[in-house]
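The chain contents come next:
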Amino acid sequence: MKYYFAPVQGHTDAAYRYFHARNYGGEAVYTTPFIRLEKGELRKKDYKDALSVLNGEIDVVPQVIFKNGEELRTLVALLADEGLQRVDLNMGCPFPLQTSRGRGAASIASADCIESVRDVVVNNPEIGFSVKMRLGFQEQEWKPLLEVLNELRLDHIAVHPRLAKDQYGGSVDMDAFREIYESSKNSVVYNGDLLTPEDIARVSEEFPELGGIMVGRGVLGRPSLIAEAISGEAMPHDERIRRMLRFHKELMEHYRETLVGGDHQVLAKIQPFWEYSESEIGRKAWKAIRKASSIAKYQTALALIEG
C-alpha cells in the first residue's frame, strides 16, 4: 500500500513537508499545493515551492491546476523544462475561488480540459502523470473523464468521492467510489474523511486492490497518522503529542530563521499548524492558540496542550 500526503493550500509548504518527513519517517509521497497561472503568468510562490531545495530529501510530486488546455500545456512545459519527471493534475479542488474560474472540480465538466489531459499525457511520455479528482458538480459527471483516463497510462488516479458543492461537508459517496474503483484501468487511490488509523484500515479492507491511500486534513490534525497506518499500530496519545510538539518546534524555528517580517509574520505562518487539531490537543488549547495575538501569548497557549 502506498500512502500519499495530499496538499492543503496554506499549510503544506516545502518546510512543512520537510519537517513532517523528518519527524515521521518520510515514507509517504508528498504532493505540492497546486501551481497555477494568475493573470496569464505563473504564480511564482507556488513554482518556488515546487522547486525548493527542501524537496530534495523526500518524495515530492508537483501538482498543477488549470482551466483549459493552454494553461495545462504551459504549466507542464515549465515543469518539464526544470527536469521534473512527475506531474499531478488537480481536477478536484472544490473551492469556488478556483471552480468559478473553471479549474479544479469544474474542469471535469470541460470537454476541452478532458481532451487536453489526453493530449498532454500522450505527448509527454517521459513524464509520469497522476490525476486528483472529485465527482464533479453533478451526479455521474465524472464518467466522461474516466473514459478518457482509461485510455491513458497513469501513475494513479486519486478519488475524493464528493461533489464539488459539498466541499468537505456531508458524507462521501462510497457507491460512486466503488464504481470508479471497479471501472478504472489505472491504479485507484482513495481520499476523503480519513482521520484515524481505523478509518484507513476500514477503507483498505473494503477495497483490497487499492493502489494507495491519500490523506490531507487527517494528517494536519494528527501528523503521525500515516506513520501509524504504515506500522499497523496506533501511537499512544502522549507520544503523538510529544512528537507533534517537536515537529512544531522545528518548523517554527525554521520560520524564525527564514522569514523577514519578524514575530508577526512568524505567528501568522505557524498558527495554521493547529487548525485541524482540536480533537488531538483539546479545545481549550486550540481556542487559545487561535486567539493568540503575540508570540508570548502563543507560547502560553501551547502550554495548555493536553498530553
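Sequence order sets the numbering: in each chain, residues are counted from 1 along the sequence as written. Per-residue local features of the predicted model are confined to residues with pLDDT of at least 70, and side-chain atom pairs are confined, for both listing and counting, to 80 or more; whole-chain, interface and lining totals are unaffected and use all residues. Derived side-chain values reflect all non-hydrogen atoms in the structure, with water molecules and hydrogen atoms excluded from consideration.

Trainee: Which residues make up empty space enclosed by the protein, and what values do they have?
Mentor: Both site types are read off a 1 Å grid over the protein atoms alone. A 1.4 Å probe that fits but cannot get out defines a cavity, while an open set with protein on both sides within 12 Å along at least five of seven lines defines a pocket; lining residues have an atom within 4 Å of a point. Grid points are joined across faces, edges and corners, and a volume is the space filled by probe spheres set on the points. Under the criterion given, the structure shown has one cavity of 30 Å³ or more. Taken as a whole, the largest cavity holds about 40 Å³ of empty space. Secondary structure is summarised from DSSP: a helix means a run of H or I of at least four residues, a strand means a run of E of at least two, and numbering begins at the N terminus for each. For the lining of the largest cavity, the elements supplying multiple residues, two or more each, are α1 (14–24) and α10 (225–231).

Trainee: Before we move on, could you go through the packing of aromatic side chains and cite the residues and values that matter?
Mentor: Geometry of an aromatic ring pair is reported as the spacing of the ring centres plus the angle between the planes. Pairing of aromatic rings covers Phe, Tyr and the six-membered ring of Trp, with a centre-to-centre limit of 6.5 Å; geometry is then stacked below 30 degrees between planes, edge-to-face above 60, and tilted otherwise. Scanning all chains against the criterion turns up 13 aromatic pairs. Where Tyr-24 meets Phe-247, the ring centres are 5.9 Å apart and the plane angle is 85°; that geometry is what we call edge-to-face. You can see Tyr-24 sitting in helix α1 and its partner Phe-247 sitting in helix α11 (residues 237–258), a full 223 residues away along the chain. Each member of the pair Tyr-24 and Phe-247 is classed as buried. Measuring from ring centre to ring centre gives 6.2 Å for Phe-177 and Tyr-181, while their planes differ by 20°; the resulting arrangement is stacked. Taken together, the residues span about one helical turn, with Phe-177 and Tyr-181 both in helix α7 (residues 174–183) at a distance of four residues. There is no split in this pair, since Phe-177 and Tyr-181 are both buried. Any residue under 20% of the maximum accessible area for its type is buried, any over 50% is exposed, and the rest in between are partly exposed; the area is computed with a 1.4 Å probe on protein chains only.

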